[in-house]
Amino acid sequence: MWQSFVGDHRDALSSVGLGLLTNIWVFLIAEVFVLTFGLAIAWTRMTKSPVLMPFRILAIIYSDIFRGIPVLLVFLLIGFGVPALQISFISNQSLAVYGCVSLILTYSAYVAEVFRAGIYSVPHGQLLAARSLGLTNATTMRRVILPQAVRTVVPPLLNDFISLQKDTALLSILGVIEAVQAGTIYQDLRFNSSGLVVASLLFLAMTIPLTRFTDSLIARDRNRRLAST
């Protein structure tokens, strides 16, 4: 019986492990774009230039929409709606690409708010000091504000990326063979839940180290703040 148990989980590991590769590459690509788009959206929302007013309005609308629509619904709209439009190139991508785009659209809105909160947390005196030195707004943002803001927002960003890691499992609703879908297929073929158990363990193996790293960063930041008071 024990040999059968071990054999089932070994077979499940090889099957689900291949599916997990899809989760990993989707997560890595989405993470890069989420950071880039999130910062761009945050900067656009905070700019005071009258010329950028239309973009500022669009950034606000974007944030409101994609923070208000459940990520599952975004997956369904993008994954099944875009191919139905039958637009050349756009409607001919793989389902995994549509899933990745859905994650980018959703998490960019959340990360933009994290960046915005971090930028607002920088003391106003830093901005005044930079202007007194003759720095432009762009230079002030790049060399003074952003470096301080990024240090502040790293822990909440990591928490968002933990959620992003887990939400790659939503690719399964589009029919993409990732870890959860592979586990479900294994369950249907073998009539046991070894595949789903292995998928759960693999996700834990990815998220727990990042969670502990986030906790250590929060503790270190707290100790640094206490030491400076």
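Whatever comes next refers back to the structure up there.
Residues numbered from 1 in each chain as written. Predicted model: local features only at pLDDT ≥ 70, side-chain atom pairs only at ≥ 80, totals over all residues. Heavy atoms only, no water.

### Overview of the layout of surface pockets
- For the largest pocket, the calculated volume is near 520 Å³.
- Forming the walls of the largest pocket are 17 residues, and the residues nearest its centre are Met46, Lys48, Leu127, Arg131 and Met141.
- Residue assignment for the lining of the largest pocket shows that the elements contributing at least two residues are α1 (2-46), α4 (95-120), α5 (124-132) and α6 (137-167).
- By residue number, the principal contributor to the lining of the largest pocket is α6, which donates five residues.
- For the lining of the largest pocket, a count of residues per class yields 10 nonpolar, five polar and two charged. (1 Å grid on protein atoms, 1.4 Å probe; cavity = no way out; pocket = protein on both sides within 12 Å on 5 of 7 lines; lining within 4 Å. Points joined across faces, edges and corners; volume = space filled by probe spheres on them. Helix = DSSP H or I, 4+ residues; strand = E, 2+ residues; numbered from the N terminus. Nonpolar A, V, L, I, M, F, W, Y, C, P; charged D, E, K, R; others polar.)

### So, α6
- Relative to the 45 Å expected for 31 residues at 1.5 Å per residue, α6 spans just 37 Å between its end C-alpha atoms, considerably shorter than the ideal helical length.
- The axis of α6 is deflected most strongly, by about 50°, at Val154, and proline Pro155 appears within four residues downstream. (Expected span 1.5 Å × (residues − 1). Bend = angle between axes of the 7 residues up to and from the residue.)

### Regarding the packing of aromatic side chains
- Overall, the coordinates contain three aromatic pairs when judged by the stated rule.
- When the centroid spacing of 5.7 Å and the interplanar angle of 50° are considered together, the rings of Phe33 and Phe37 count as tilted. Here the residue Phe33 and the residue Phe37 both occupy positions in helix α1, the gap between them amounting to four residues, near one helical turn.
- Judged by centre distance (4.8 Å) and plane angle (45°), the ring pair of Tyr62 and Phe66 falls under tilted. Of this pair, Tyr62 and Phe66 are both found in helix α2 (residues 53-68), four residues apart, which corresponds to roughly one turn of the helix. The burial state of Tyr62 is the same as that of Phe66; both residues are buried. (Phe/Tyr/Trp six-rings, centres within 6.5 Å; stacked < 30°, edge-to-face > 60°. Buried < 20%, exposed > 50% of the residue type's maximum accessible area, 1.4 Å probe, protein only.)

### Let's talk about the side chain of Thr214
- Its place among the elements puts Thr214 in helix α8 (residues 194-228).
- Given a relative accessible area of 1%, Thr214 falls into the buried group.
- Engagement of the side chain of Thr214 in a polar contact is seen with the backbone oxygen of Leu210, the distance being 2.8 Å.
- Not counting residues within four places of it along the chain, the set of residues in contact with Thr214 comprises Pro155, Leu158, Asn159 and Ile162. (Polar contact = N/O pair within 3.5 Å; in protein donor to acceptor, adjacent residues only side chain to side chain. Contact = heavy atoms within 4.5 Å.)

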